[in-house]
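# Coordinate inspection notes
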Amino acid sequence: METDPFAALPEPMCQAIAAAWTEDVGPGDITSEACVPSDAREAAGFLVKAQGVLAGLDVAEAVFAYGAPDVAFHKLAEDGDRVSPGVVVARVEGPAAQILTAERLALNFMQRMSGVATATRQAVDALDGTGTRVLDTRKTTPGLRLFEKRAVIIGGGVNHRMGLYDQILIKDNHIDYAGSVQAAVRGAHRHLESVGTNVPVVVEVRDLDEVRAALEVGGVDRLLLDNFSPAQAAEAVAFIAGRIPTEASGGLTPDTVRAYGEAGVDFVSLGWLTHSPASLDISLKSAAALAALQQ
C-alpha cells in the first residue's frame with residue numbers, strides 16, 4: 001500500500017500545510033473554476049531557473065496530496081540535489097484545475113525551503129576542511145520554523161534548539177537580569193532539578209571574563225561566543241582547551257564563517273540562514289511551455 005505523502009509528514013507540518021491551503025484557496029479557486037473546463041486534464045513540470053540546492057520536494061508533493069488528490073506527482077530529483085537552470089525536478093499530471101489551484105502553495109514552500117538549503121550549503125562549503133558545523137537559530141519565519149529547519153538539515157547544517165522548551169540558552173539579558181553568569185547557570189540547574197528534566201545548558205558569553213566565569217561554575221554544555229572577532233574566538237578556544245564545545249555567533253554569513261572555522265570553534269550559528277536568503281527561483285510550466293523551451 002502506498003504511503004500518503006501528506007500523512008507521512010510530522011503532524012505540525014501537516015497542520016501548517018492545511019492552514020496555508022485555507023489561507024490561499026479559501027472557499028475555492030474562482031479563476032480556475034471559471035476559466036478551465038472541469039474535465040480538462042494536463043501535465044506540467046517544476047522548472048528550476050537558478051543555481052541552488054533543492055529542498056521541499058516532499059512538502060510540495062504533500063500539498064498536492066492534501067488539496068489536489070487526483071493529481072499524480074512524480075519526483076525527478078531529490079531534496080539535497082544541487083540544481084541548475086533548466087532542470088525539471090518534478091512532474092504533475094491530472095485535472096488541470098487542481099494543478100493550478102495547488103501550484104502556488106507548492107512553489108511557495110519549495111522555493112523558500114530551497115533558498116534556506118542553498119544558503120546553508122554555502123556556509124557548509126565555506127567551512128570545508130575545518131571540522132566546524134553550521135547551526136541555525138530561532139530567527140525563523142513564524143509558522144514555518146519546522147520547514148526552514150528541515151531545509152537547514154537538507155543543506156548540510158545542524159538544527160539548534162527548536163524553541164524555548166528544549167534547551168536552556170542563557171543569553172546576555174538573562175545574565176544581566178540574574179546578576180552574573182554563575183547565578184544564571186546555578187538557577188538553570190536548580191530549575192532542571194525541580195522539574196525533573198535534563199536539557200543542554202548553553203551559555204552566551206561576551207568576553208573572556210564571562211568565559212572564565214562559565215568554566216568556573218561548571219555544568220555548562222556549550223559556550224556561545226557572541227560577537228567575538230575571529231582573533232578573539234581563537235583566543236577563547238585556546239583558553240577553553242577543549243573542556244567545552246564552542247559556538248561562534250553574531251551576524252555571521254557564508255562570507256565570514258571561514259575565519260571562525262580556522263579559529264577552531266566547533267559550531268557557527270547563523271540567523272542569516274533563515275532570515276535573509278532569497279527564495280530559489282522555481283516555476284511550474286505546462287507541458288506545452290516546457291516543450292517550447294526545449295526547442
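Described below are features of the structure shown in this document. All values derive from a computational prediction rather than experimental measurement.

Quick look at the sheet that holds strand β9 (residues 222-226) now. Read across the open sheet, the 6 strands follow the order β6-β11-β10-β9-β8-β7; overall the sheet is parallel. The strands lining the two open edges of the sheet, one partner per strand, are β6 (133-135) and β7 (168-170). Ignoring strand direction, the axes of neighbouring strands in this sheet form an average angle of 25 degrees. Pairing of β9 with strand β10 (residues 246-249) involves 4 bridges; the strand directions are parallel. Residue pairing across strands places Asp226 opposite Ser249, the latter belonging to β10.

This part is about the sheet that holds strand β1 (residues 41-48). Sheet architecture is open: 4 strands sit in the order β3-β5-β1-β12, paired in antiparallel fashion. This sheet does not close on itself; its edge strands, each paired only once, are β3 (72-75) and β12 (282-286). Mean inter-strand twist for the sheet, computed between neighbouring axes without regard to direction, equals 20 degrees. Pairing of β3 with strand β5 (residues 88-95) involves 4 bridges; the strand directions are antiparallel. What sits directly across from Ala72, in β5, is Glu93. Seen against the sheet, helix α3 (residues 57-67) touches β1, β3 and β5 and runs at an angle of roughly 170 degrees to β3. Lying over the sheet, helix α4 (residues 96-126) contacts β1, β5 and β12, oriented at roughly 155 degrees with respect to β5.

Turning next to the side chain of Glu210. Take Glu210: it is sitting in helix α8 (residues 208-217). Polar side-chain contacts of Glu210 include one of 2.8 Å to the backbone nitrogen of Arg206. Excluding residues that lie within four positions of it along the chain, Glu210 makes contacts with Ile175, Val181, Glu204 and Val205.

Calculation criteria
- Residues numbered from 1 in each chain as written.
- Predicted model: local features only at pLDDT ≥ 70, side-chain atom pairs only at ≥ 80, totals over all residues.
- Heavy atoms only, no water.
- Pairing = 2+ DSSP bridges.
- Helix = DSSP H or I, 4+ residues; strand = E, 2+ residues; numbered from the N terminus.
- Axes fitted to C-alpha atoms, helices over the stretch in contact; angles between N-to-C directions.
- Contact = heavy atoms within 4.5 Å.
- Polar contact = N/O pair within 3.5 Å; in protein donor to acceptor, adjacent residues only side chain to side chain.

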